[in-house]
Amino acid sequence: MSDSFKQPIVRFSPSRGAESPDVWGVYEPDTGSVQYICADPGSKRAGLIDVVWNFDPQSYSTSSASADQILDIVREKDLSVEWVLDTHPHADHLMASDYLKQRTDAPTAIGEKVREIAGLWSRIYHLPHAFDPDRDFDRLFSEGETFSIGDMEARVLLSPGHTLGSITFVVGDAAFVHDTLMYPDVGTSRADFPGGDAEQLWETTQTLLQLPAQTRLFIGHDYGTSERQEPQWEATVSEHRSHNVHVKDGTRREDWLELRRGRDATLPLPDRMLAALQVNLRGGRLPEPEADGRHYLKLPVNHFSTPQSD
Ligand SMILES: [Fe+2]
């Protein structure tokens, strides 16, 4: 992997006219995540999307370096944060949503089906009362709901498959699809986490590919390919429809399902997953400190098995 995959690269995708947002994508190299600032160029109001709270899986220490980088860009560009948004409770990284809310006063939001995801993970962790999305997020969006970022309208599309409650934010000609499509030369995201469903993910990709051809799709992760030397995250619907190696036009559903399920069976779980979900389902907060003032996480032993290797 080339060195550019180890840098927190920032790329700007400018507004293309009326009802089209300015978008900054910021690559987080430890987890291969792409974090976004989606701004209305007129009012300078912005939504922050899928921002990472850095977590070292060896030492179990957190850092706000990525979130601070995002806030530096917000300040530099004279933006004001109106929303702290997440597409789903992430498995590969801790969410910076609570950290960002404290620093910006902006409300946090995620999809309403996070209630079901919280139920599922509360059984896995045997933490029956720990998660309450209605308490821990300011807003839970339902399918088709709209909200404003400045003078622009943002629309919520339910996009299940990777999780049962993932959502896409569509803002003018930009769509933040996170773990659905990957970059066209990589294909699609995995669908094997608890609550994931490959058949639903197929339907989701087909819905996203029906957006207008010039819609800029912004994905959530990139780990590159053996041929590509730099992280990439932005491609149009039309580029995906002609080049996406998993779902380009003409792909048969059955072929994709076989490919997706075969590949998912070989993928290891993300190293941060069991730490991440119990923080993310608390709206990006650690559990309350114990009597010694420290925070502790809980880990289920032998709940998950090691995948077969390739
Ligand atoms: Fe994810």
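Quick caveat: nothing in here was measured; it's all calculated off a predicted structure.

A. Molecular detail of the coordination of the iron ion. At this site the iron ion is bound by H88 (NE2), H162 (NE2) and D179 (OD), with donor distances of 1.9 to 2.4 Å. In primary sequence terms, the donor set of the iron ion follows H-x73-H-x16-D. Taken as a pair, H162 in the loop between strand 12 (152-158) and strand 13 (167-171) and D179 in the loop between strand 14 (174-178) and helix 5 (198-208) lie far apart in primary sequence, 17 residues in all. On the basis of relative accessibility, which here comes to 4%, the residue H162 falls in the buried class. Since its relative accessible area comes to 5%, D179 is described here as buried.

B. Representation of the pairing of strand 13. A large share of strand 13 lies buried, amounting to five of its five residues. Of the two faces of strand 13, the one lined by I167, F169 and V171 and the one lined by T168 and V170 are each fully buried. As paired strands, strand 12 and strand 13 are joined by five bridges and run antiparallel to one another. Residue pairing for strand 13: V156 is matched across the bridge by F169. Across three bridges, strand 13 lies against strand 14 in antiparallel orientation. Residue pairing across strands places V170 opposite A175, the latter belonging to strand 14.

C. The nonpolar core, seen in detail. Counting residues in each nonpolar core, the largest one holds 44 residues, and the members touching the most others are F141, F147, F169 and F176. With 25 residues, the next largest nonpolar core counts W24, I73, V81 and A276 among its residues.

D. Representation of the UniProt feature "domain: Metallo-beta-lactamase" (unreviewed entry) in the protein within the structure. Feature annotation in UniProt assigns "domain: Metallo-beta-lactamase" (unreviewed entry) to the following positions: residues 32-221. As annotated, residues 32-221 comprises 25% helix and 32% strand, and the C-alpha atoms at either end are separated by 5 Å.

E. Spatial organisation of empty space enclosed by the protein. One pass over the full model with this rule turns up two cavities of 30 Å³ or more. Around the largest cavity, the lining residues are H88, P89, H90, A91, I117, W121, H162, T163, F193, P194 and L277. Of the residues belonging to the lining of the largest cavity, the class tally is seven nonpolar, four polar and no charged. Size it by volume and the second largest cavity reaches roughly 50 Å³. Lining the second largest cavity are E28, D30, T31, V52, W53, N54, F55, H93, L94 and R272.

Reading guide: rules and limits
- Residues numbered from 1 in each chain as written.
- Predicted model: local features only at pLDDT ≥ 70, side-chain atom pairs only at ≥ 80, totals over all residues.
- Heavy atoms only, no water.
- Donors = N, O, S within 2.8 Å, 3.2 Å for Na, K, Ca; no water.
- Helix = DSSP H or I, 4+ residues; strand = E, 2+ residues; numbered from the N terminus.
- Buried < 20%, exposed > 50% of the residue type's maximum accessible area, 1.4 Å probe, protein only.
- Pairing = 2+ DSSP bridges.
- Core = buried A, V, L, I, M, F, W, Y, C linked by side-chain atoms within 4.5 Å.
- UniProt positions renumbered as here; feature names shortened; annotations may be inferred.
- 1 Å grid on protein atoms, 1.4 Å probe; cavity = no way out; pocket = protein on both sides within 12 Å on 5 of 7 lines; lining within 4 Å.
- Points joined across faces, edges and corners; volume = space filled by probe spheres on them.
- Nonpolar A, V, L, I, M, F, W, Y, C, P; charged D, E, K, R; others polar.

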